[in-house]
Amino acid sequence: MKLVALASMLLLACASGDPAPTPSVPRDPDAIKLRVMTYNVNFGLRGDPQGVAAIASASPDLVVLQETTRDWEQALVDGLGATYPHHRFEDARGPWVAGGMGVLSKWPIQRIDTLTDGGGPFFAWRIVVDAPGGPIQILDVHLRPPMSDSGSWVVGFFSTRKQREAEARAHIRALDPALPTLVMGDFNEEDDGMALAVFRGRGFTSALPQFEPNADTWQWPVGSMTLRFRLDHILVDKHFRAVDAAVVDAGRSDHAPVWADLERVR
């Protein structure tokens, strides 16, 4: 039964459809605006210049990163340090070498808390920045990949959903409820995932489906087909209103950068 379901999933991943029209959202000319981005850069690409250029092409104010390495840190600081004078990186921990994190910001970084209580292979970051209009916190996540402990993606697709849910519940407890909050990163699940349901239950909304409902953020070749899913998300709480969002068709990572234009709600 599981293999039948997986086969159906693969067929849906390879199907194509007509793109839905992008909705037009009225802008508040007096609102404080910010553009944020999340990007899993792929640890194996060793600071690839096309990935650096992909970030620059969208001109975000703040970028949270997953799968960073020392090579990526060097390339990003060399290429974008003048634009983002505030930046921090942390190396992967344990045997999962794809667990590095990074942030590039035009605004001062007040603090970063490393969150390891979720039980997943990767840590998360709680980042507080001194943004226009006052401090905001960002939860940068890289949740467990849909892979079993034995290395099976078929088994892992079905067996790891609750693990990502547990990570989400642990990380959300670390947030300061008094601060305006964004949750961004590689969730390793689509919109109907159990981790995203945790955040939706706390009042968060996802930016990308509002503007590009058919957009995928991850692709991987499997034989003669290419799997495509939306695994990267930008979630906002009640203190923000998304007015645009898109996927950047650039870079060589298996993930694409995702950005969202936000207005602070007055």
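What you see is a predicted model; the values in this text were computed from it and never measured.

For the chain, per-residue confidence averages 90 on the pLDDT scale, and residues scoring 70 or more make up 87% of the total. Note on residues 1-20: pLDDT under 50 across the span, and 19 contacts to partners over four residues away in sequence or across chains.

This paragraph deals with the sheet that holds strand β5 (residues 109-115). Strand order in the open sheet formed by six strands is β5-β6-β7-β8-β12-β9, with mixed pairing between adjacent strands. Two strands close off the open sheet at either side, each with one partner strand: β5 and β9 (205-206).

For residues other than glycine, phi is negative in most cases, and the peptide bonds are mostly trans. At N42, a position not held by glycine, the phi torsion is positive, near 75 degrees. Take N42: it is sitting in the loop between β1 (33-40) and α2 (49-58).

Attention now goes to the pairing of strand β12 (residues 232-236). For β12, a buried count of five out of five residues is recorded, marking the element as mostly surrounded by other parts of the structure. On β12, burial covers both faces: D232, I234 and V236 on one face and H233 and L235 on the other are all buried. For strand β8 (residues 181-186) and β12, the ladder comprises five bridges, and the chain directions are antiparallel. Looking at the pairing, G185 lines up with H233 of β12. With two bridges joining them, β9 and β12 adopt antiparallel strand pairing. Bridging across to β12, T205 finds its partner in V236.

Attention now moves to the packing of aromatic side chains. On inspection of all chains with the given rule, the structure shows four aromatic pairs. Ring centres of W96 and F122 lie 5.6 Å apart, and the angle between their planes is 90 degrees; this geometry places the pair in the edge-to-face category. Remark: F122 occurs in the loop between β5 and β6 (124-129) and W96 occurs in the loop between β3 (86-90) and β4 (101-105); sequence separation between them is 26 residues. Judged by its relative accessible area of 26%, W96 is partly exposed. Consider the rings of F199 and F204, whose centres lie 5.9 Å apart with planes at 90 degrees: the pair is edge-to-face. With respect to burial, F199 and F204 carry one shared label: buried. Positioned above the aromatic ring of W259, the side-chain terminus of R35 is 3.9 Å from the ring centre.

Taken in spatial order, the six strands make up an open sheet running β3-β4-β2-β1-β14-β13, and their pairing is mixed. The open sheet is flanked by β3 and β13 (240-247), the only strands paired with a single partner. Pairs of neighbouring strands in the sheet enclose a mean axial angle of 15 degrees, with direction left out of account. α2 rests against β1, β2 (62-66), β4 and β14 (258-264) of the sheet, and its axis sits at about 160 degrees to β1. Contacts from helix α3 (residues 70-80) reach β2, β3 and β4, with the element oriented near 175 degrees to β3.

This paragraph deals with the packing of helix α5 (residues 161-173) against helix α6 (residues 194-201). Two elements in contact, α5 and α6, have axes whose closest approach is 7 Å; the angle formed by their N-to-C orientations is 30 degrees. One element, α5, and the other, α6, form an angle in the roughly parallel class. Contact with α5, carried on its side by R161, K162, R164, E165, A168, R169 and I172, involves M194, A195, V198 and F199 of α6 and no other residues of that element. Partitioned by chemical class, the residues of the contact of α5 with α6 number six nonpolar, no polar and five charged.

Further remarks concern α3. Among all positions in α3, only W72, A75, L76 and L80 are buried. With its buried residues spanning 95 degrees around the axis, α3 presents them on a single face. For α3, the exposed residues set more than 90 degrees away from the buried face come down to R70 and D78.

About the cut-offs
Residues numbered from 1 in each chain as written. Predicted model: local features only at pLDDT ≥ 70, side-chain atom pairs only at ≥ 80, totals over all residues. Heavy atoms only, no water. pLDDT = per-residue confidence, 0-100. Contact = heavy atoms within 4.5 Å. Pairing = 2+ DSSP bridges. Helix = DSSP H or I, 4+ residues; strand = E, 2+ residues; numbered from the N terminus. Buried < 20%, exposed > 50% of the residue type's maximum accessible area, 1.4 Å probe, protein only. Phe/Tyr/Trp six-rings, centres within 6.5 Å; stacked < 30°, edge-to-face > 60°. Lys NZ or Arg CZ within 6 Å of the ring centre and 35° of its normal. Axes fitted to C-alpha atoms, helices over the stretch in contact; angles between N-to-C directions. Parallel < 35°, antiparallel > 145°, perpendicular 65-115°, else oblique. Nonpolar A, V, L, I, M, F, W, Y, C, P; charged D, E, K, R; others polar. Arc of directions from axis to C-beta.

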